[in-house]
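# Overview (structure and organization)
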Amino acid sequence: MKKEELSYAYILLFHVFLGVLIYALPFISKVYAVSAFLVGIYSIVKEKNRNNEVLIASAYVVGMEVLLRMTEGSLLNEFGKYSVLIFLFLGLVYSGFSKNAFWYVLFLLLLVPGLIISTFTLDFDTDIRKAIAFNISGPICLGVSSIYCCERKISFNRLREILESFSFPLTTMVVYLFLYTPSVKDVITGTQSNFATSGGFGPNQVSTLLGFGIFIFFTRFLFDSKSKWMKIISIGFILVFAFRGLVTFSRGGVITGIVMIFILLMILFYKANSNAKPKIASIILLSFVAGIGVWAYSSVQTHGLIDKRYANEDALGRKKQTQLSGREVLIETELEMFWNNPYLGVGVGKNKEIRKQQTGIDLVTHNEISRMLAEHGSLGIIGLLILFFTPLILFINNKQNILALSFFAFWLLTINHAAMRIAAPAFVYALCLLSVQIKIPEKTEEAN
């Protein structure tokens with residue numbers, strides 16, 4: 001192993017041990033949260049964000065957010081989003097932002113009418129602060145992250161370090177999951193999303209981070225595993241994340257991770273010369289074989305129930321009436337709210353109250369697109385158009401960010417099944433706006 005790889009391996013090993021420690025002594029989770037936040041602040045202030053320390057610190061906190069929630073380590077319910085926002089505000093103070101980030105300033109301004117409406121329309125017995133924060137903290141985090149990242153010049157090597165920062169806390173989380181549920185066979189009884197295999201927390205959010213973890217370690221295998229041992233470590237974690245993602249029985253995260261990898265491989269294959277294309281083709285083939293292996297092992301461990309889950313069947317093999325686990329009902333009610341309030345919407349957080357009054361369903365949204373329409377009306381449409389087209393235009397102008405479309409896919413797919421309850425889709429979306437250069441002068445990167 002080279003010195004850099006050895007250093008990474010030691011840090012990774014520390015995070016494996018940290019997962020064991022948090023499982024044995026749960027209060028360590030709170031210490032971990034505070035330490036990560038303070039170290040992030042310290043590194044940004046000390047370096048004055050010369051090398052975009054903001055992105056390293058934010059990536060780390062995003063990677064640890066779900067772990068903190070499942071271990072009750074979050075000091076606040078939205079600890080991840082608030083921490084990222086604080087880091088980004090510091091970064092903006094030190095480094096400024098591009099004039100083209102105006103579109104995301106506009107996006108944030110489009111959210112204001114919905115916020116104002118909610119203060120008048122939410123029921124008296126509703127905790128207005130919590131209702132608003134739950135629904136709007138994600139879009140605000142996305143907007144501020146995007147303002148910071150929009151056309152910010154960064155080297156590809158620095159982008160790899162951001163991905164590396166994600167990998168450490170994700171490793172701690174997957175170790176904790178294995179300790180929480182060492183025997184999958186003992187807890188799988190049906191085809192519904194499983195809290196027992198998700199650390200006792202929401203399978204949807206856990207699956208999202210596990211699927212992202214598959215992609216993170218796949219990129220490490222491609223770009224950062226020069227030695228045989230690092231290749232083995234990366235492949236091992238890919239398989240581990242894939243297995244734990246599958247047995248959450250929440251399909252969205254795993255499917256998203258696979259789509260991200262597929263997009264990246266297609267871009268690499270398209271850009272590769274004739275000598276490199278056979279290597280990429282072999283990676284695609286090996287990935288397919290490895291996927292079949294993980295699926296077969298998962299099927300054995302779940303008594304074949306995982307096969308039924310992805311075939312949309314119940315434990316007895318009967319076809320389920322709904323394809324989206326009931327989410328289409330939530331989407332339908334939110335679209336109806338939009339048609340009834342097409343201009344400014346019903347207000348932030350109000351859609352849950354209206355749905356409960358009209359249908360008796362007391363559930364929060366799972367789809368950020370229909371929520372934006374219901375709560376922000378036509379302004380929500382404008383906001384979504386900004387979010388959709390801006391990164392695609394930037395990618396056309398700078399195709400060196402070969403991960404951009406994978407990041408974009410993560411955001412788009414995640415907000416359709418898990419909304420923006422965690423910081424990951426917001427921050428990862430912003431990464432696709434970076435102006436990445438394979439080779440960039442050091443002084444240029446520091447200037448940004």
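Residues numbered from 1 in each chain as written. Predicted model: local features only at pLDDT ≥ 70, side-chain atom pairs only at ≥ 80, totals over all residues. Heavy atoms only, no water.

## Looking at the overall build of the protein chain
As a reminder, the rule being used: Only DSSP runs of H or I covering at least 4 residues are called helices, and only runs of E covering at least 2 are called strands; the numbering of each starts at the N terminus. Two things to know: the radius of gyration comes from C-alpha atoms, and the globule rule equals 2.2 Å times the number of residues to the power 0.38. Relative accessibility decides the category of a residue: with a 1.4 Å probe and only protein chains considered, values under 20% of the type maximum give buried, values over 50% give exposed, and everything between is partly exposed. We call two residues in contact when some of their heavy atoms are within 4.5 Å. Accessibility throughout is a Shrake-Rupley quantity obtained with a 1.4 Å probe, and a residue counts as covered only by protein chains that appear here. For the purpose of charge, His is not counted, nor are the chain termini; Lys and Arg are scored as positive and Asp and Glu as negative. Where a charge sits is defined by one atom per residue type, namely NZ (Lys), CZ (Arg), CG (Asp) or CD (Glu).
In terms of regular secondary structure, the protein chain is built from 18 helices and two strands. Relative to a compact globule of 448 residues, whose C-alpha radius of gyration would be 22 Å, the protein chain shows 22 Å and is just as compact. Along the first, second and third principal axes, the C-alpha atoms of the protein chain reach 60 × 60 × 50 Å. Counting over 448 residues, the protein chain shows a buried share of 55%. Counting only contacts in the protein chain whose residues sit at least 6 apart along the sequence, the fraction spanning at least 24 positions is 81%. Of the roughly 19,600 Å² of accessible surface on the protein chain, 67% is carried by carbon and sulfur atoms. Here the protein chain contributes 40 positive and 29 negative side-chain charges, whose respective centroids are spaced 7 Å apart.

## Things to note about helix α3 (residues 53-70)
Let me state the cut-off plainly: To estimate how far a helix should reach, multiply one less than its number of residues by 1.5 Å. To get the bend at a given residue, fit one axis to the seven residues ending there, fit another to the seven starting there, and take the angle between those axes.
Given a rise of 1.5 Å per residue, 18 residues ought to cover 26 Å, and the 27 Å separating the end C-alpha atoms of α3 matches this to within 8%. Its maximal kink placed at Met 64, α3 deviates by approximately 40°. Positive backbone phi, approximately 60°, marks Glu 72, located one or two places after α3.

## Topic: the pattern of salt bridges
Short version of the rule: The working definition used for a salt bridge is a side-chain nitrogen of Lys or Arg within 4 Å of a carboxyl oxygen of Asp or Glu.
As enumerated under the stated definition, the model contains 12 salt bridges in all. Here Glu 161 ties to Arg 158 by a salt bridge, and the two come within 2.4 Å at their closest N and O atoms. With a gap of three residues between them, Glu 161 and Arg 158 both fall in helix α7 (residues 156-180), about one helical turn apart. Since its relative accessible area comes to 34%, Glu 161 is described here as partly exposed. For the salt bridge of Glu 375 with Arg 371, the shortest nitrogen-to-oxygen distance reads 2.4 Å. Of this pair, Glu 375 and Arg 371 are both found in helix α15 (residues 368-397), four residues apart, which corresponds to roughly one turn of the helix. Judged by relative accessible area, Arg 371 falls into the buried class, the value being 1%.

## Side note on the nonpolar core
Taken as a class, soluble globular proteins show a tendency for nonpolar side chains to be buried jointly. What counts here: Here the nonpolar core consists of buried residues drawn from Ala, Val, Leu, Ile, Met, Phe, Trp, Tyr and Cys, with membership extended through side-chain atoms lying within 4.5 Å.
Ranked by size, the top nonpolar core spans 126 residues in total, and within it Met 70, Phe 166, Met 173, Phe 212, Leu 403 and Phe 407 carry the most contacts. Once residues within four sequence positions are removed from consideration, Met 70 is found in contact with Met 173, Tyr 176, Leu 177, Ser 198, Gly 199, Phe 201 and Val 206.

## Observations regarding the side chain of Glu 65
Filter applied, for reference: Polar contact is defined as a pair of N or O atoms within 3.5 Å, subject to the rule that within protein one atom must be able to donate a hydrogen and the other to accept it, and that residues adjacent in sequence are counted only when both atoms are side-chain atoms.
Position of Glu 65 relative to the elements: it lies in helix α3. Under the relative-accessibility criterion, Glu 65 is labelled buried at 2%. Within polar-contact distance, the side chain of Glu 65 engages the backbone nitrogen of Ala 423 at 2.8 Å. Filtering out sequence-adjacent residues up to four positions away, Glu 65 remains in contact with Ser 74, Gly 80, Lys 81, Arg 421, Ile 422, Ala 423 and Ala 424.

## Considering the packing of helix α1 (residues 3-24) against α7
In plain terms, the rule: The axes used here are C-alpha line fits, helices contributing only the stretch in contact, and every angle between their N-to-C directions lies in the interval 0 to 180 degrees. With the far helix as reference, a near helix turned anticlockwise by less than a right angle produces a left-handed crossing, and one turned clockwise produces a right-handed crossing. Only Asp, Glu, Lys and Arg are considered charged, only Ala, Val, Leu, Ile, Met, Phe, Trp, Tyr, Cys and Pro nonpolar, and every remaining residue, Gly among them, polar.
It is at 8 Å that the axes of α1 and α7 come closest, and there the two elements cross at 35°. Crossing of α1 over α7 shows right-handed handedness. Contact residues: Tyr 8, Ile 11, Leu 12, His 15, Val 16, Leu 18, Gly 19, Val 20, Ile 22 and Tyr 23 in α1; Glu 164, Ser 167, Phe 168, Pro 169, Thr 171, Thr 172, Val 175, Tyr 176, Leu 179 and Tyr 180 in α7. Looking at the contact of α1 with α7 residue by residue, the class counts come to 14 nonpolar, five polar and one charged.

## Thoughts on a nonpolar patch on the surface
Which entries qualify depends on this criterion: Within this analysis, patches are made of residues with over 30% relative accessible area and no salt bridge. Like charges are joined at 9 Å or less; nonpolar side chains (Val, Leu, Ile, Met, Phe, Trp, Tyr) at 5 Å or less.
Taken together, the side chains of Ile 381, Leu 385, Phe 388, Phe 389 and Ile 393 define a hydrophobic patch exposed on the protein surface, amounting to about 430 Å² of accessible area. On the secondary structure map, Phe 388 appears in helix α15. On the accessibility criterion, Phe 388 (31% relative accessible area) is partly exposed.

## So, helix α17 (residues 424-431)
With eight of eight residues buried, α17 is to be regarded as a mostly interior element. For α17, the full list of buried residues reads Ala 424, Pro 425, Ala 426, Phe 427, Val 428, Tyr 429, Ala 430 and Leu 431.

## A closer look at the environment of Asn 135
The residue Asn 135 is located in helix α6 (residues 128-149) in this model. Residue Asn 135 is classed as buried on the basis of its relative accessible area of 10%. For Asn 135 and Arg 371, which are 236 residues apart along the polypeptide, the C-alpha to C-alpha distance reads 8.8 Å. Apart from the residues lying within four places of it in its own chain, the contact partners of Asn 135 are Val 348, Gly 349, Asn 351, Glu 368, Arg 371 and Glu 375.

## Topic: unusual backbone geometry
Look at Glu 72: it is not a glycine, yet its phi comes out positive at around 60°. Within the secondary structure, Glu 72 is located in the loop between α3 and α4 (79-95). Residue class for Glu 72 comes out exposed when judged on its relative accessible area of 62%. The backbone phi angle of Ala 419 is positive, close to 50°, even though this residue is not glycine. Relative to the elements of secondary structure, Ala 419 occurs in the loop between α16 (404-417) and α17. Judged by relative accessible area, Ala 419 falls into the buried class, the value being 4%.

## A closer look at the environment of Phe 407
Residue placement: Phe 407 occurs in helix α16. Along the primary structure Phe 407 and Gly 257 are separated by 150 residues, whereas in three dimensions their C-alpha atoms are 10 Å apart. Once residues lying within four places of it in the same chain are set aside, the contact partners of Phe 407 are Leu 159, Leu 163, Phe 215, Met 260, Val 428, Leu 431 and Cys 432.

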